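# A closer look at the structure
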Amino acid sequence: LRGEALLEAVYAVEFEGLTGNIVLDENGDRLGSYRIMNYQANRTLVDIGQYDASSDSVALDESPIWPSGSTEVPWGRPQPCDPGYEYTDGKCQACPVGQFASTADSTCVDCPAGSFTISTGTSICSSAPLGMYVSTSGSSEATLCE
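Everything in this summary refers to the structure shown in the same document. Given the structure is predicted, the values throughout are model-derived calculations rather than measurements.

Pairing analysis gives four bridges linking strand 6 (residues 85-88) to strand 7 (residues 91-94), with the strands arranged antiparallel. In the strand pairing of strand 7, Thr88 is matched with Lys91. What sits between strand 6 and strand 7 in their antiparallel hairpin is a turn of two residues, with Asp89 showing a positive phi close to 50°.

Backbone hydrogen bonds are what pair the strands of a sheet, in a parallel or an antiparallel way. Strand order in the open sheet formed by three strands is 3-4-5, and the pairing between neighbours is antiparallel. Each edge of the open sheet carries a strand with a single partner, namely strand 3 (33-39) and strand 5 (57-60). Pairs of neighbouring strands in the sheet enclose a mean axial angle of 30°, with direction left out of account. Relative to strand 5, strand 4 (residues 45-52) runs antiparallel, the two sharing four bridges. For Gly49, the partnering residue across the bridge sits in strand 5 and is Leu60.

Below, the discussion takes up the state of the cysteines. Inspection of the entire model under this criterion finds three disulfides. Between Cys81 and Cys92 runs a disulfide, and the two sulfur atoms are separated by 2.1 Å. For the disulfide bridge between Cys81 and Cys92, the dihedral angle about the S-S bond is near -90°, and by the sign convention the bridge is left-handed. A residue pair is termed long-range when its members are at least 10 positions apart, and Cys81 in the loop between strand 5 and strand 6 and Cys92 in strand 7 qualify at eleven residues. The disulfide partner of Cys111 is Cys125, and the S-S distance across this bridge is 2.0 Å. Handedness of the Cys111-Cys125 disulfide follows from its S-S torsion of about -85°: it is left-handed. Residue Cys111 is found in the loop between strand 9 (109-110) and strand 10 (115-116), and its partner Cys125 is found in the loop between strand 10 and strand 11 (126-127); the two are separated by 14 residues along the sequence. Cys125 matches Cys111 in its accessibility class, with the two residues each being buried. Counting its disulfide-bonded cysteines in sequence order, the chain shows a connectivity of 1-2, 3-4, 5-6.

What counts as what
Residues numbered from 1 in each chain as written. Predicted model: local features only at pLDDT ≥ 70, side-chain atom pairs only at ≥ 80, totals over all residues. Heavy atoms only, no water. Pairing = 2+ DSSP bridges. Helix = DSSP H or I, 4+ residues; strand = E, 2+ residues; numbered from the N terminus. Axes fitted to C-alpha atoms, helices over the stretch in contact; angles between N-to-C directions. Disulfide = S-S within 2.5 Å. Buried < 20%, exposed > 50% of the residue type's maximum accessible area, 1.4 Å probe, protein only.

Structure, rendered in structure tokens:
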């Protein structure tokens, strides 16, 4: 027997053991199954589901109760930023001159050539007025045609 062939055969074996389903990854590490416990306000741990590494799946028997007491998933940060703002450095910040964010919770992008902004925190770019042009993206002004 070749050592590599035997190793591959061992890694491919899947069986039900004393501690549950036994599956190995390509390195020979066991892909376990883990219970998901929810620490609740009454200082108890409640078994609410399971993570199965062999199928990379989560099965919840009930919704987790978050520290607020709600079952609704909390935001990982403050509510979405308004149009014209983006979330950077832990807060909503106005788009700089020459950029815009058209929808809530989007990122600031340069105004395309042919348009510009003259103030911060804008959600739309202005088109160059008649008799003027904007040749580059991210502009803060239009230039008079000659």
